[in-house]
2 protein chains.
Amino acid sequence: MNTFERILDTALELFNRSGSEAVSTNHIAEAMGISPGNLYYHVHNKDEIIRAIFERLFTAWDTWLSLPEGVVPTVDDLAGLVRVNFEILWQFRFVYRELNALIQHDPQLKSRFIQVRQRGFAGFRQLFDGFAQAGILRPGSDPQEVQRLAEMCWMISEFWLPTLEISGQEINPAHLQHGVELMLFLLQPYRVDG
Amino acid sequence: MNTFERILDTALELFNRSGSEAVSTNHIAEAMGISPGNLYYHVHNKDEIIRAIFERLFTAWDTWLSLPEGVVPTVDDLAGLVRVNFEILWQFRFVYRELNALIQHDPQLKSRFIQVRQRGFAGFRQLFDGFAQAGILRPGSDPQEVQRLAEMCWMISEFWLPTLEISGQEINPAHLQHGVELMLFLLQPYRVDG
DNA sequence: GTCTATATAATGATAGAC
DNA sequence: GTCTATCATTATATAGAC
């Protein structure tokens, strides 16, 4: 693996462990066993490292939401999808721990994040259109219903890990499952099958 | 006002504007027009400033949830309560922007936050028991129903502002109202009155 | 209580030899 | 590509005069 990718690997590990603010470029270099000067040959600055790690997350999200064409998704698929996102966000856990601060500090990162997240939600949202068309969700009188269900599920998908952390709860399969169940619970009144 | 409180006022303003990491004790002293040495006469260190500001938030929350005795709350009261929490969290907006990072960095702050938040949720949760007893929520077959509704509403109450920020949406009354409406939407299927 | 002056350490980043 | 050496800057924090 090339040095640039190794820098990202190491930085991600340290950021997840100690937070990106507490981890200096010197720490990263030391953890890799290279000199600080060498690190700066491969990256311009610390912000670039953070942005590159974010791009890795974005790639993971792209794969996450690239669903097979023409297949009608079920609510179980949705639950599985959210579980996968929990895994992704655990892998990049420093991101949502510091997200609002990070994008406030770096306008370039902010616009990029907002753009990618927006696209991600659009894809996620499509699942719910699929549910409605497949008759999995009952036809509602309120046209905003599907939109709102998607927004709530998305919120759980994004903020369940941070919620567990500020509750003092361990991030383990049982506690993650609680988030999935919360999501299924809020879909319950609108489901035809369940 | 005494100097300690003025330090907290100034620090809160700067933290909200630039993030607590970017603001040094020197910045705070300068913004107040006192010397760095003088600031350290009044506080031991920066962590103490952050903890003291958190205590202010906790006090605001205490007042927030101290409801008049024996009065049966309505769903409108709940909506109003959540709006007030949005105002509180706006006043202390650096807190939820950095919350997971801050409590990871300061174990003392972490245990205190978890404790206060737990108590806060218990009070919030009581509202929902009140709803159930008053017949505002339909009697559900699932005993966990009330708990889950409270958890979802609490999540909106906590994370709606961060959600707006990472969506690139301005924090204004209309966008805040959207959060309230999301909450009312998820209560809808369980309401008897609506 | 408030100031000036300062100690100490760490940060991000660069220059130039190899 | 990698190193050593180093810089300028900033951060937290303290000592001691007033």
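Because the structure is a prediction, the values reported are computed rather than measured. (Residues numbered from 1 in each chain as written. Chains lettered and ligands numbered in written order. Predicted model: local features only at pLDDT ≥ 70, side-chain atom pairs only at ≥ 80, totals over all residues. Heavy atoms only, no water.)

Draft legend 1. Main features of the relation of the copies chain B and chain A. With an axial shift of 0.0 Å and an RMSD of 0.0 Å, the rotation relating chain B to chain A amounts to 180°. Here the transformation between the copies is reduced to the relation of a two-fold axis. Within chain B, the C-alpha atom positioned nearest to the axis of rotation is that of B:Glu98, 2.8 Å from it. By residue overlap, the copies meet face to face through one surface: 100% of the interface positions of chain B are interface positions in chain A. (Least-squares fit on C-alpha atoms with pLDDT ≥ 70 in both. Contact = heavy atoms within 4.5 Å.)

Draft legend 2. Representation of the side chain of B:Thr25. By the element assignment, B:Thr25 lies in helix 2 (residues 25–32). When near neighbours in sequence (up to four residues on either side) are disregarded, B:Thr25 contacts B:Leu39, B:Tyr40 and B:Lys46. (Helix = DSSP H or I, 4+ residues; strand = E, 2+ residues; numbered from the N terminus.)

Draft legend 3. Spatial organisation of the nonpolar core. Residues A:Phe128 and B:Phe128 are the most contacted members of the largest nonpolar core, which totals 139 residues. Contact partners of B:Phe128, with chain neighbours within four places excluded, come to B:Leu78, B:Leu137, B:Val146, B:Leu149, B:Ala150, B:Cys153 and B:Leu187. (Core = buried A, V, L, I, M, F, W, Y, C linked by side-chain atoms within 4.5 Å. Buried < 20%, exposed > 50% of the residue type's maximum accessible area, 1.4 Å probe, protein only.)

Draft legend 4. The arrangement of the protein's contact with DNA strand C in detail. In the vicinity of DNA strand C lie 15 residues, with A:Ser24, A:Thr25, A:Tyr40, A:Asn45 and B:Ser35 positioned nearest. Contacts to DNA strand C include A:Ser24, whose side-chain N or O atom sits 3.5 Å from a phosphate oxygen. Counting residues per element, the ones that place at least two in the surface near DNA strand C are helix 2 (25–32) and helix 3 (36–42) of chain A together with helix 3 (36–42) of chain B. Within the surface near DNA strand C, the residues separate by chemical class into three nonpolar, eleven polar and one charged. (Near = heavy atom within 4 Å. Polar contact = N/O pair within 3.5 Å; in protein donor to acceptor, adjacent residues only side chain to side chain. Nonpolar A, V, L, I, M, F, W, Y, C, P; charged D, E, K, R; others polar.)

Draft legend 5. Region of the structure containing the layout of surface pockets. Residues and elements named next belong to chain A. Roughly 640 Å³ of internal volume is contained in the largest pocket. By residue number, the principal contributor to the lining of the largest pocket is helix 6 (residues 93–105), which donates six residues. Of the residues belonging to the lining of the largest pocket, the class tally is nine nonpolar, ten polar and ten charged. (1 Å grid on protein atoms, 1.4 Å probe; cavity = no way out; pocket = protein on both sides within 12 Å on 5 of 7 lines; lining within 4 Å. Points joined across faces, edges and corners; volume = space filled by probe spheres on them.)

Draft legend 6. Looking closely at the packing of aromatic side chains. All names here are of chain A. One pass over the full model with this rule turns up 33 aromatic pairs over all chains. Measuring from ring centre to ring centre gives 5.5 Å for Phe128 and Phe131, while their planes differ by 65°; the resulting arrangement is edge-to-face. Residue Phe128 and its partner Phe131 are located together in helix 7 (residues 107–134), separated by three residues, close to a single helical turn. Per residue, the accessibility class of Phe128 equals that of Phe131, and both read buried. The positively charged end of Arg93 is found above the aromatic ring belonging to Trp90, 3.9 Å away from the centroid. (Phe/Tyr/Trp six-rings, centres within 6.5 Å; stacked < 30°, edge-to-face > 60°. Lys NZ or Arg CZ within 6 Å of the ring centre and 35° of its normal.)

Draft legend 7. Summary view of the packing of helix 8 (residues 145–167) of chain A against helix 7 (residues 107–134) of chain B. For the pair helix 8 of chain A and helix 7 of chain B, the least separation of the axes is 8 Å and the interaxial angle reads 100°. Classified by the angle their axes make, helix 8 of chain A and helix 7 of chain B are roughly perpendicular. Taking contact as the criterion, the partners of A:Thr163, A:Glu165, A:Ile166 and A:Ser167 in helix 8 of chain A are, on helix 7 of chain B, B:Lys110, B:Phe113, B:Ile114 and B:Arg117. (Axes fitted to C-alpha atoms, helices over the stretch in contact; angles between N-to-C directions. Parallel < 35°, antiparallel > 145°, perpendicular 65-115°, else oblique.)

Draft legend 8. Representation of the protein's contact with DNA strand D. Of all residues adjacent to DNA strand D, which total 16 residues, the nearest are A:Ser35, B:Ser24, B:Thr25, B:Tyr40 and B:Asn45. Considering DNA strand D, the proportion of its atoms within 4 Å of the protein that are sugar or phosphate atoms stands at 68%. A:Ser35 is positioned with one of its backbone polar atoms (N or O) 2.8 Å from a phosphate oxygen of DNA strand D. A distance of 3.1 Å is found between a sugar or linking oxygen of DNA strand D and a side-chain nitrogen or oxygen belonging to A:Asn38. Contributions of two or more residues to the surface near DNA strand D are made by helix 3 of chain A together with helix 2 and helix 3 of chain B. Per element, the largest residue contribution to the surface near DNA strand D is four residues, and it comes from helix 3 of chain A.

Draft legend 9. A look at the domain arrangement of chain A. Residue and element names in this part refer to chain A. We note that the domain assignment places domain 1 (1–43) and domain 2 (47–190) within chain A. With 16 residues of domain 1 at the interface, the matching set in domain 2 holds 14 residues. Between domain 1 and domain 2, the buried area comes to about 1,200 Å², and carbon and sulfur atoms account for 62% of it. Note that Glu5 is salt-bridged to Arg56, the shortest N-O span being 2.8 Å. Summed over the shared surface of domain 1 and domain 2, the number is seven residue pairs in polar contact (both at pLDDT 80 or more). (Domains from an automatic or database assignment. Buried area = accessible area lost by both parts, 1.4 Å probe. Salt bridge = Lys/Arg side-chain N within 4 Å of Asp/Glu carboxyl O.)

Draft legend 10. Highlighting the interface of chain B and chain A. Listed per partner, the contact involves 40 residues of chain B and 40 residues of chain A. Those elements that provide at least two residues to the side of chain B that touches chain A are helix 1 (3–18), helix 6 (93–105), helix 7, helix 8 (145–167) and helix 9 (173–187) of chain B. At 15 residues, the largest contribution of residues to the side of chain B that touches chain A is made by helix 8 of chain B. Along the lines of polarity and charge, the residues of the side of chain B that touches chain A split into 19 nonpolar, nine polar and twelve charged.

Draft legend 11. View of the environment of A:Arg51. Residue and element names in this part refer to chain A. Summarising the element assignment, Arg51 is placed in helix 4 (residues 46–65). Residues Arg51 and Leu102, spaced 51 residues apart in sequence, show a C-alpha to C-alpha distance of 9.9 Å. The contact partners of Arg51, leaving out residues within four places of it in the chain, are Asp106, Gln108 and Leu109.

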